[in-house]
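# Understanding the architecture of this molecule
One letter stands for each residue in the lines below.
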Amino acid sequence: MTVARTVHREAFSSRTVFILAAIGSAVGLGNIWRYPYVAYSSGGGAFLIPYLVALLTAGIPLLFLDYALGHKFRGSPPLAFRRLSRWTEPFGWVQVLMCLAIATFYACVIAWAASYAWFSLTLAWGDDAEAFFAGTFLQQGEATMFGGLVPTVAIPLVLVWVVNIAIVAIGVERGIGRLNRFLLPLLIALFIGLVIRSLFLPGAMAGLDAFFTPNWAALGDPQVWIAAYGQIFFSLSVAFGAMLTYASHLKRRTNLTASGLVVGFSNSAFEVLAGIGVFAALGFLAAQSGVPVSEAAAGGPGLAFVAFPTLISQMPFGQIFGSLFFLTLVFAGITSLVSILQPPAMAISEKFGISHRAATLSVGTVAAIVSISIFPTTTGLNTLDVVDNWINNVLLVSNTLVMVVVVVWVVRKTPMLARHLNGVGSFKIGGWWTVCLGIVTPLILGWTATQSVITLLRDGYEDLPGALLATFGWGVVGGIVVLAVLMTFVPWRNEDHLAAGVDLDDPREEAEAARVDGPRRDSRSDDGRPHTPSKEDSE
Ligand code: PFF
């Protein structure tokens, strides 16, 4: 007799561990180097207004949607969407493939940060941090399609991948849960320490002035609003499948909405704190070099890997400050990176009916090989910039736009999902949630997607060669969409188990779930039948 094999869904041991893991996912490189510069170049203090509006009208509503889909349908993005409505499965695959694409370059930035934590000890960049970053360290040459491998970057990158794959393979609670329980408090304590230290540097107040002085006129600029929404999506990890997957590992009776608010506001608090710390430090740098703060700041990689080394060299005990700063980047990055690998690993495990460990090893190894052959190369910096821009500004917004329209207006599942969220919640959501998801978010996303595509088609991107943009920009986006559709046609390994689904709307299911789960542990397998504890459970 063949017994249908059900992939066992491991649960986080408590809501606190889930919240720590979700904050760990949200707080990442996006908070520490991206937010300060985006905020600064998009209206300074006034940026807080579009940023908060974006958080409340899109960030939190989409976070609730991710939680509801993952928790109700108890699956990775493709499985959750398939259970929502059979033909929506490709949205899930796009999310999973976007995670893979992001993981390939995100890991590389963590590898840079790890190297810089080491370089800080000897101030290895000397007098010219810019020349060191692009030249000595990354060995960037011309912007060609493929460049030669740079071993000094490739070696730490291999290590980052080994750690990432190992943690995800160990499992949700013992791997991801434990990592976050340990690293997140450390990260927060270290970061608060660094921010306080920066506030006492000479010139810090001028930096804060530059950061907080509102440029009200910027509020009339649509680009500022686009930047605010873009920052919220990336920073909160919403609509990528990461939060959806984490929520699928939550016990059945969990207060989802309260958890969402804790995660959303903690992420933003960390982000504003990062802005304060980084600009206090830039104020110091500006004062030392006698230039206005606006000239001391550059965006993206430049901010963390050029401006910071320069100021580390100039401050007392800079070596220690520098090492700790780059270590916080590594910690923040790794707790996000595991959340980026978990959705693809889970999706492959569910689709092909293989164990989580085998799925993590295979999908992780493929991603690692791609990552190591493309990014630690003499042309890697440009490629990274292109993939990042196309994934975030073209594919994420378009996929999310079509997805929310389908969920709200075509399959019309928001009332059912709202009921699920309200099942266990300290407050009721409903009207505003549907309006945000069904009207505000699509309008903003529609506008953002159109603007990005038109601008990229018309102006290209940062004077980079067309072939590079065609391959790593449009090519990656197109490839992901085609692959997502193809994956939908690959049969699920365990059709019966899928068909069983989970119907928490059914009062008998709910009662049964409450009876079997008890207040403490999730003891049911995915097929909705009581799960007999086995050795696998204790893993
Ligand atoms: N939120 C992370 C950051 O701010 O760095 C990045 C991220 C994590 C994006 C997980 C997407 C994701 F699925």
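What counts as what
- Residues numbered from 1 in each chain as written.
- Predicted model: local features only at pLDDT ≥ 70, side-chain atom pairs only at ≥ 80, totals over all residues.
- Heavy atoms only, no water.
- Helix = DSSP H or I, 4+ residues; strand = E, 2+ residues; numbered from the N terminus.
- Contact = heavy atoms within 4.5 Å.
- Areas by Shrake-Rupley, 256 points an atom, 1.4 Å probe, with all protein chains shown as cover.
- Buried < 20%, exposed > 50% of the residue type's maximum accessible area, 1.4 Å probe, protein only.
- Polar contact = N/O pair within 3.5 Å; in protein donor to acceptor, adjacent residues only side chain to side chain.
- Core = buried A, V, L, I, M, F, W, Y, C linked by side-chain atoms within 4.5 Å.
- pLDDT = per-residue confidence, 0-100.
- Near = heavy atom within 4 Å.
- Nonpolar A, V, L, I, M, F, W, Y, C, P; charged D, E, K, R; others polar.
- Axes fitted to C-alpha atoms, helices over the stretch in contact; angles between N-to-C directions.
- Parallel < 35°, antiparallel > 145°, perpendicular 65-115°, else oblique.
- Left-handed = near helix turned anticlockwise from the far one by under 90°.

## Thoughts on the overall build of the protein
The secondary structure content of the protein amounts to 22 helices and zero strands. Looking at the protein alone, contacts between residues at least 24 apart form 83% of all its contacts between residues at least 6 apart. Of the roughly 20,100 Å² of accessible surface on the protein, 67% is carried by carbon and sulfur atoms.

## Concerning the side chain of Thr335
Take Thr335: it is sitting in helix H15 (residues 318-352). Accessibility expressed as a relative area gives 0% for Thr335, which makes it buried. Of the polar contacts made by the side chain of Thr335, one reaches the backbone oxygen of Ala332; its length is 3.1 Å. Apart from residues no more than four positions distant in its own chain, Thr335 is found in contact with Gly24, Ser25, Val27, Leu179, Asn180, Leu183 and Tyr246.

## Things to note about the nonpolar core
Core analysis: the largest hydrophobic core is formed by 180 residues, its most contacted members being Leu65, Trp112, Phe305, Phe326, Leu329 and Leu417. Take this core: its biggest share by element is 23 residues, from helix H5 (residues 89-122). In contact with Phe326, not counting residues within four places along its chain, are Ala113, Tyr116, Ala117, Ser120, Ala304, Phe305, Phe308, Pro309 and Ile312.

## Concerning the confidence of the model for the protein
A low pLDDT means the predicted coordinates there should not be read in detail. Residues at a pLDDT of 70 or more form 89% of the protein, whose mean pLDDT is 88. This stretch, residues 1-7, has a pLDDT under 50; its non-local contacts, to residues over four places away or in other chains, come to 13 contacts. Confidence drops under a pLDDT of 50 for residues 512-539, and excluding neighbours within four residues, the segment shows 50 contacts in the predicted structure.

## A word on the site of the ligand
Taken together, 15 residues lie around the ligand, and Ala26, Gly30, Tyr106, Phe234 and Ser235 are the ones closest in. Ser235 is positioned such that a nitrogen or oxygen atom in its backbone is 3.0 Å from a nitrogen atom of the ligand. Alone, the ligand offers 340 Å² of accessible surface; in the complex the protein occludes 100% of this. Of all the secondary-structure elements, those providing two or more residues to the shell around the ligand are helix H1 (15-26), helix H2 (29-41), helix H10 (222-236) and H15. Residues belonging to the shell around the ligand are distributed by class as follows: seven nonpolar, eight polar and no charged.

## Digging into the packing of helix H17 (residues 380-410) against helix H20 (residues 466-489)
Relative orientation of the contacting elements H17 and H20 amounts to 40 degrees, with a least axis distance of 9 Å. The orientation of H17 relative to H20 falls into the category oblique. Relative to H20, H17 is oriented so that their crossing is right-handed. Contact with H17, carried on its side by Asn382, Thr383, Val386, Val387, Trp390, Ile391, Val394 and Leu395, involves Leu468, Leu469, Phe472, Gly473, Trp474, Val476, Val477, Ile480 and Val481 of H20 and no other residues of that element. Classifying every residue of the contact of H17 with H20 gives 14 nonpolar, three polar and no charged.

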